[in-house]
Amino acid sequence: MQFHPYIIPLFISFATSLSLSIMLYKDRKSKGIKFLIAILIGFSIWSGIYIFQWISTSERIASFLLLHTFIGVYIAVHSLLYFTLNYIGVSKKIFQQVFYTLTILGIVFLLIIISDNLHKLTISNAHMELRGGNMELVFERGPVFMLLGIFYPAFISFVTLAILIYEYIRSNRYNKPRIFLIILGTIVPWFFSIISLTVPNLNPNQDLAPIGIPFTAAILTLGVYRYNLLEFMPVISSKIINDFPEGVFILNENNAILEMNPIAESDYERYMKDTSDTIGKFDLQNVLSPALKEDFKNKLKSNPKLITLIGQLTNGKFYDIRISMLHNKNNNLIGSLIIYRDITDLETAKETLKDINIKLLETNKTKDLLFKIISHDLRGPIGSLRALIELMITDDKSFSSAQKTNLDHIYKTSDNVYRLLTNLLDWSKNQLNEMVLTHKINLVYNTIDETINQLKPISEIKHITIFNHSKPDITGYYDEQSVMIVLRNILANAIKFSMNDSIIDVNVNRHKADILITLTDYGVGMEPSVLNQINQKQFVNSSHGTNNEIGSGLGLFLSHDLIALNKGNMWATSTQGKGTSFFITIPATDTQN
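### Considerations on the sheet that holds strand 7 (residues 333-342)
Then comes step 1: Spatial strand order, 4-3-7-6-5: five strands in an open sheet with antiparallel pairing. The two strands at the open ends of the sheet, each matched to only one other strand, are strand 4 (257-260) and strand 5 (306-312). When the angles between neighbouring strand axes are averaged without regard to direction, this sheet yields 20°.
Then comes step 2: Relative to the sheet, helix 11 (residues 290-302) contacts strand 5 and strand 6 (318-327), its axis offset from that of strand 5 by approximately 170°.

Pasting the structure below:
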């Protein structure tokens with residue numbers, strides 16, 4: 001082992017590269033940082049092996065170490081190229097192809113260089129010679145050494161440099177300093193290497209390239225921490241992007257694709273790849289329809305930070321697109337985030353729904369008109385017939401007992417039809433918003449009493465007595481006509497399901513700001529399923545009453561709506577075989593005041 005002055009700058013190179021790679025490791029989750037770390041590790045291997053070569057006094061060991069310095073060289077130049085490809089944003093497919101190809105080539109070439117069988121083609125006439133008081137390895141470079149050890153890594157560096165210079169020329173003012181730093185870091189080691197090969201006063205065996213490594217390491221690290229070299233890289237976790245249910249593109253300021261998730265990658269290959277003349281680029285305006293392109297330009301002028309577009313692309317599909325323009329703290333544009341989803345099926349469904357809705361509106365108009373005609377034109381004649389039959393029933397002398405029985409049956413039938421038409425008319429008015437409500441203070445007793453009188457003809461047929469237990473001075477704030485419709489429907493229902501010679505009780509109580517009306521019959525009651533339908537405001541299919549009366553079920557369905565219009569509630573309780581109670585609440589005063 002010997003000491004050579006050349007070891008000092010080599011050790012500085014080794015220590016600088018290794019320490020800076022360790023320092024950058026804390027930011028290892030940032031996209032691209034791993035390639036920077038690999039560059040520095042390659043440099044440290046390159047200079048580290050040189051140290052051992054120069055302290056060695058054995059020709060065989062020195063020759064072996066010399067050949068193995070290219071491990072570090074290959075790692076450094078390949079990583080620099082991969083970092084550059086990440087920077088310009090080539091597609092994932094191209095990057096993978098370059099990565100695998102050059103990695104395999106690099107390994108094969110390294111094996112060739114260090115192979116004992118090709119030793120004579122790599123270095124020849126190698127021997128240790130005393131120079132300046134130090135033993136140095138003196139050798140002649142063979143064709144394999146020159147081709148794979150010098151020209152191949154130089155070629156990789158040249159390609160990297162060409163890409164960076166091209167990006168520097170077309171980059172904006174903000175990014176030029178950052179690209180220049182990478183260019184400078186690429187050139188420095190080779191600049192020192194060229195000096196060692198061309199300056200006649202230097203020892204041709206003394207490669208100065210590793211001495212330039214600390215400068216490269218310092219330049220790249222300065223770029224990371226001072227000039228935000230990695231600022232254009234996405235900081236969102238790749239897993240989050242990949243698992244995102246919508247398409248995601250992350251572009252730099254030149255529309256180069258830095259990242260895209262599987263959905264975006266699939267769409268890019270199928271629809272968008274051919275819209276750009278540069279591989280790995282995605283210009284959104286090239287895939288927008290003319291109308292959407294104009295919308296995009298207008299929104300870009302008015303709000304450049306966040307843009308939302310909904311419309312058709314040139315592939316004929318509809319998309320919901322959100323574009324976030326990314327700026328740094330100095331408000332310089334550094335890229336854009338595009339999130340989109342395919343809404344073609346939704347747009348098609350909306351168009352279909354629109355057509356169906358138009359047809360439905362036309363059908364509904366026809367139905368409403370039909371209801372109005374039926375209710376108005378039939379209710380009058382049926383009402384007159386009902387009144388005539390009622391008059392005939394009251395004439396005890398003109399008809400026999402059998403005839404009166406038939407008249408009772410005809411009256412019940414006509415009354416059911418009349419009530420159905422009345423409910424139908426009221427319901428159609430409510431559906432068409434034609435029912436005019438007049439809310440005012442009313443005496444609840446009078447409203448109930450008038451309703452009971454309207455139902456006397458049918459209650460007397462079954463000899464049912466309806467008791468109004470309301471106090472005469474209780475008032476409520478409601479529309480009297482609509483509340484009477486509700487009371488009439490509930491009491492008619494109670495009569496229908498009560499036995500002959502029974503009673504119905506109507507009670508009224510005041511609870512704070514509400515009036516509670518309770519209508520109780522002692523008839524057959526309701527099944528739980530029917531009761532649940534009523535309380536859930538569902539339509540109930542009517543069943544036959546105790547005297548085989550028939551109904552439509554529309555009355556109770558309408559009653560819920562009318563009570564709601566009066567700012568009240570309605571519900572029921574029932575026990576089979578014991579009867580049913582309906583509860584209605586209405587405001588005691590004007591709730592709006």
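### Re the packing of aromatic side chains
Then comes step 1: Going through the model one piece at a time under the given rule, you end up with nine aromatic pairs.
Then comes step 2: Here Phe99 and Tyr100 contribute two aromatic rings whose centre-to-centre distance is 5.7 Å and whose plane-to-plane angle is 80°, an arrangement assigned as edge-to-face.
Then comes step 3: By relative accessible area, Phe99 is classed as partly exposed at 29%.
Then comes step 4: With a centroid separation of 4.9 Å and an interplanar angle of 90°, the aromatic rings of Phe109 and Tyr152 are classed as edge-to-face.

### Regarding the side chain of Thr160
Then comes step 1: Here Thr160 lies in helix 6 (residues 143-170).
Then comes step 2: Residue Thr160 is classed as buried on the basis of its relative accessible area, which comes to 0%.
Then comes step 3: Here Thr160 is in contact with Leu80, Leu81 and Thr84, once residues within four sequence places are set aside.

### Notes on the packing of helix 4 (residues 92-113) against helix 6
Then comes step 1: Where helix 4 contacts helix 6, the axes come no closer than 10 Å and their chain directions differ by 155°. As far as their axial angle goes, helix 6 and helix 4 are roughly antiparallel. At the point where helix 4 passes helix 6, the crossing takes the left-handed sense. Of helix 6, the residues touching helix 4 (which contributes Leu102, Leu105, Gly106, Phe109, Ile112 and Ile113) are Val144, Leu148, Gly149, Tyr152 and Ile156.

### So, the sheet that holds strand 12 (residues 514-521)
Then comes step 1: The sheet built from five strands is open, its strands ordered 9-11-12-14-13 with mixed pairing. Either end of the sheet is taken by a strand with one partner, and the two such strands are strand 9 (465-468) and strand 13 (569-575). Mean inter-strand twist for the sheet, computed between neighbouring axes without regard to direction, equals 15°.
Then comes step 2: The pairing of strand 13 with strand 14 (residues 579-587) spans seven bridges and is classified as antiparallel. Each bridged residue has a counterpart across the sheet, and for Trp571 the counterpart in strand 14 is Phe583.
Then comes step 3: Strands in contact with helix 17 (residues 528-535) are strand 13 and strand 14; relative to strand 13, the strand with the most contacts, it is inclined by about 175°.
Then comes step 4: The sheet strands contacting helix 18 (residues 554-565) are strand 13 and strand 14, and the helix crosses strand 13 at an angle near 140°.

### Section: the pattern of salt bridges
Then comes step 1: Using the criterion set out here, one finds six salt bridges in the structure.
Then comes step 2: We note a salt bridge from Asp295 to Lys299, for which the minimum N-O separation is 3.5 Å. Within this pair, Asp295 and its partner Lys299 are both found in helix 11, separated by four residues, close to a single helical turn.
Then comes step 3: In this structure Asp295 comes out as partly exposed when scored by relative accessible area, which is 26%.
Then comes step 4: Exposure remark for Lys299: the relative accessible area of 29% places this residue in the partly exposed category.
Then comes step 5: When the shortest N-O distance is used, the salt bridge between Glu351 and Lys354 registers 3.8 Å. With Glu351 and Lys354 both in helix 12 (residues 344-394) and three residues apart, the pair spans about one turn of that helix.
Then comes step 6: Classification of Lys354 as partly exposed rests on a relative accessible area of 47%.

### With respect to the environment of Ile156
Then comes step 1: Its place among the elements puts Ile156 in helix 6.
Then comes step 2: As for Ile156 and Tyr74, which are separated by 82 residues in sequence, their C-alpha atoms are 9.2 Å apart.
Then comes step 3: Ignoring any residue separated from it by four or fewer positions in sequence, one finds Ile156 in contact with Val77, His78, Leu81 and Leu102.

### A short note on the confidence of the model for the protein chain
Then comes step 1: Residues at a pLDDT of 70 or more form 81% of the protein chain, whose mean pLDDT is 79.
Then comes step 2: Every residue in residues 232-238 scores below 50 in pLDDT, and together they form 15 contacts with partners more than four places removed in sequence or on other chains.

### Overview of the pairing of strand 5
Then comes step 1: In terms of strand pairing, strand 5 meets strand 6 through seven bridges, oriented antiparallel. Bridging from a neighbouring strand, Ile310 pairs with Asp320 of strand 6.
Then comes step 2: Counting the residues between successive antiparallel strands, the hairpin from strand 5 to strand 6 contains five residues, one of them, Gly316, with a positive phi of roughly 90°.

### Quick word on a nonpolar patch on the surface
Then comes step 1: Taken together, the side chains of Ile165, Tyr168, Ile169, Phe180 and Leu184 define a hydrophobic patch exposed on the protein surface, amounting to about 450 Å² of accessible area.
Then comes step 2: Breaking the nonpolar patch down by element, the ones donating at least two residues are helix 6 and helix 7 (176-198).
Then comes step 3: The biggest single contributor to the nonpolar patch is helix 6, with three residues.
Then comes step 4: Here Tyr168 is to be found in helix 6.

### Concerning helix 6
Then comes step 1: Under the 1.5 Å per step criterion, the end-to-end length of helix 6 is 39 Å for 28 residues, consistent within 8% with the ideal 40 Å.
Then comes step 2: Largest kink in helix 6: about 35°, centred on Phe151, with the proline Pro153 one to four residues after it.

### Observations concerning the packing of helix 2 (residues 33-55) against helix 8 (residues 209-225)
Then comes step 1: As a packed pair, helix 2 and helix 8 sit with axes 10 Å apart at the nearest point and diverge in direction by 160°. Classified by the angle between their axes, helix 2 and helix 8 sit roughly antiparallel to one another. As helix 2 packs across helix 8, the resulting crossing turns out to be left-handed. For the pair helix 2 and helix 8, the contacting residues are Leu36, Ile39, Leu40, Phe43, Trp46, Ser47 and Tyr50 in the first and Ala209, Pro210, Ile213, Thr216, Ala217, Leu220 and Val224 in the second.
Then comes step 2: Residue composition of the contact of helix 2 with helix 8, by class: twelve nonpolar, two polar and no charged.

### Observations concerning unusual backbone geometry
Then comes step 1: Within the chain, Lys537 stands out as a residue other than glycine whose phi angle is a positive 60°.
Then comes step 2: Within the element layout of this structure, Lys537 appears in the loop between helix 17 and helix 18.
Then comes step 3: The phi dihedral of Lys567 is positive, around 60°, even though this residue is not glycine.
Then comes step 4: Mapped onto the elements, Lys567 comes out in the loop between helix 18 and strand 13.
Then comes step 5: Classification of Lys567 by relative accessible area gives partly exposed; the value is 48%.

Rules behind the numbers
- Residues numbered from 1 in each chain as written.
- Predicted model: local features only at pLDDT ≥ 70, side-chain atom pairs only at ≥ 80, totals over all residues.
- Heavy atoms only, no water.
- Pairing = 2+ DSSP bridges.
- Helix = DSSP H or I, 4+ residues; strand = E, 2+ residues; numbered from the N terminus.
- Axes fitted to C-alpha atoms, helices over the stretch in contact; angles between N-to-C directions.
- Contact = heavy atoms within 4.5 Å.
- Phe/Tyr/Trp six-rings, centres within 6.5 Å; stacked < 30°, edge-to-face > 60°.
- Buried < 20%, exposed > 50% of the residue type's maximum accessible area, 1.4 Å probe, protein only.
- Parallel < 35°, antiparallel > 145°, perpendicular 65-115°, else oblique.
- Left-handed = near helix turned anticlockwise from the far one by under 90°.
- Salt bridge = Lys/Arg side-chain N within 4 Å of Asp/Glu carboxyl O.
- pLDDT = per-residue confidence, 0-100.
- Patch = residues over 30% accessible without salt bridge, like charges linked within 9 Å, V, L, I, M, F, W, Y side chains within 5 Å.
- Areas by Shrake-Rupley, 256 points an atom, 1.4 Å probe, with all protein chains shown as cover.
- Expected span 1.5 Å × (residues − 1).
- Bend = angle between axes of the 7 residues up to and from the residue.
- Nonpolar A, V, L, I, M, F, W, Y, C, P; charged D, E, K, R; others polar.

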